[in-house]
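Residue-level listing of the chains:
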Amino acid sequence: MRILQCGVAYSPNVGDGLIASCMAYAVGRLLPGAEMVSLDFAGRRGFASEDRRSGLLGRTGALHLLSMMPGPARRAMVRAILGRQLHAQRSDWQAMIDEADAVIIGGGQLFADSDLNFPLKLGGLAALLATHRLPVAIHAAGVTGGWSAEGRALFGRLDEAPLRAVGLRDAGSIKHWQDQAGFGPTAILALDPGLLAAEAIPAPPRSTDAPIGLGIADPTLLSYHAEAGVAGGGLAFQVALAERLAEAGHRVLLFCNGAEEDARAVDRVGTHPALAHFVETGHIEVAPRPLTPHALAHTVASCRALVAHRLHAIIAAYAYGIPAVALGWDAKVASFHREVGRESFTLSDPRVDAGAVAGALGGVLDHPIAEAERAAMAARALADMAATLRCLGLPALDPGAAKGCAA
């Protein structure tokens, strides 16, 4: 039995790969002998084999250019570029669908309409799925507001496929879906598979002097996709926060989720003159850019607490029982912390400064994650995966009843 997972599993931001890895782990537990393979919307076949960054400035510049263009012009440019790419990938997608027994779309923030990027990709996928009549489910996907009329129509093509279940990863996504989609089964909550990271990717025990992990993200990239302002802003904030934590006596580990722009931002922070003394004395270290989900998971698991913007750094931290301060830029960040009962440790004000974040870090260190709570959330994520598999007509071993299935 082969299950086709559709999303961005091989994105350089390996947080997306972490979702797919944990989903594959869950499928293996629930359907012994089944195989899950990933169809990556960008046509990638696997993770990068080395740390190459030759195209960084080009992509950052393109995002900056797009952000300055009027909406219609941006969408026309994206439509033209993606149209060629999707046409080139069509035969590969067709072959993967031909070999599948069922299809899962998710996780990640796939139902977002940033200049028709995901609508065009999902619309193209839906056109192929409609001719095969394979059972299809959406699982643990994120949904944003602000869909364009064209974006809504493209997403709506999924209604032409046998869409059996719509599982979304947080209450905000469900509300956006209800307000905009108008198709498919009733949307229900399906927790992010990343909550299974500690089981899917076992990590070595933390050292007694484990560092504070400081996740670095490129502010231009965050701002382009942000629903609100980016907490703390840019380079100056990141440098000031690293300096503040090191001055307080913490060991600090600078890391990123793997996106090329984020890796460049780590380099800028790690080589900033204000931090030179702390780098030389070992109070601040720089983790290698993660090229696989396992590398990111092990970096996160090596820390005793975390401060980060990136959602799947925060989710992985929770999965390993590591308390985190989440820095807001998109509603999905606060939504996750709300779901696990740690919303007070999300800082979303763009004006937040290093002192406020350092204070919040003290708070999370005083409020560790209870193992029973962590295990319960992982069990819920596994049960949600089982429910989706049952909606697809597959005999998942989990005893929980399927929910949210189409009639």
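These lines cover the structure that appears in this document, whether it is placed above or below. Each chain has its residues counted from 1, following the order in which its sequence is written. With pLDDT at 70 or above as the cut-off, local features in this predicted model cover only qualifying residues; side-chain atom pairs require 80 or more to be listed or tallied, and sums for whole chains, interfaces and linings still use all residues. Hydrogens are left out, water is left out, and the side-chain values use all remaining heavy atoms of the structure.

1. A few points about unusual backbone geometry
Of all residues except glycine, most have a negative phi; of all peptide bonds, most are trans. Following Gly 106, the chain continues into Gly 107 via a peptide bond in cis, with omega recorded as -10 degrees. Counting from the N terminus, the helices are DSSP H or I runs at least four residues long and the strands are E runs at least two residues long. If you trace the backbone, Gly 107 turns up in the loop between β3 (102-105) and β4 (108-111). Located in the positive-phi region is Asp 115, a residue other than glycine, with phi close to 60 degrees. Within the secondary structure layout, Asp 115 lies in the loop between β4 and α4 (117-132). Categorising residues by exposure relies on relative accessible area from a 1.4 Å probe, with only protein chains included: less than 20% of the type maximum marks a residue as buried, more than 50% marks it as exposed, and the intermediate range marks it as partly exposed. With relative accessibility at 7%, the residue Asp 115 sits in the buried group. The backbone of Arg 133 shows a phi angle near 60 degrees, a positive value even though the residue is not glycine. By secondary structure assignment, the location of Arg 133 is in the loop between α4 and β5 (136-143).

2. A word on the packing of helix α1 (residues 15-30) against helix α12 (residues 293-301)
For helices, the fitted line uses only the C-alpha atoms of the stretch in contact; every axis is such a line through C-alpha atoms, and the angle between N-to-C directions lies from 0 to 180 degrees. For the pair α1 and α12, interaxial distance at closest approach is 8 Å and the crossing angle is 100 degrees. Of the possible angle classes, the one that applies to α1 and α12 is roughly perpendicular. Every residue of α12 that contacts α1 at Gly 15, Gly 17, Leu 18 and Ser 21 is listed here: Pro 293, Leu 296 and Ala 297. Angle categories are assigned with fixed cut-offs, so that under 35 degrees is roughly parallel, over 145 is roughly antiparallel, 65 to 115 is roughly perpendicular, and the rest are oblique. We call two residues in contact when some of their heavy atoms are within 4.5 Å.

3. Description of the packing of helix α13 (residues 311-319) against helix α14 (residues 331-339)
Between α13 and α14, whose axes approach to 10 Å, the crossing angle comes to 10 degrees. It follows from the interaxial angle that α13 and α14 lie roughly parallel. Note on packing geometry: the crossing formed by α13 with α14 is right-handed. On α14, the residues touching Leu 311, Ile 314, Ile 315 and Tyr 318 of α13 are Lys 332, Val 333, Phe 336 and His 337. Side-chain classes follow a simple rule in which Ala, Val, Leu, Ile, Met, Phe, Trp, Tyr, Cys and Pro form the nonpolar group, Asp, Glu, Lys and Arg form the charged group, and the remainder, Gly included, forms the polar group. Looking at the contact of α13 with α14 residue by residue, the class counts come to 6 nonpolar, 1 polar and 1 charged. For any pair of crossing helices, the crossing counts as left-handed if the nearer helix is rotated counterclockwise from the farther one by less than a right angle, and right-handed if it is rotated clockwise.

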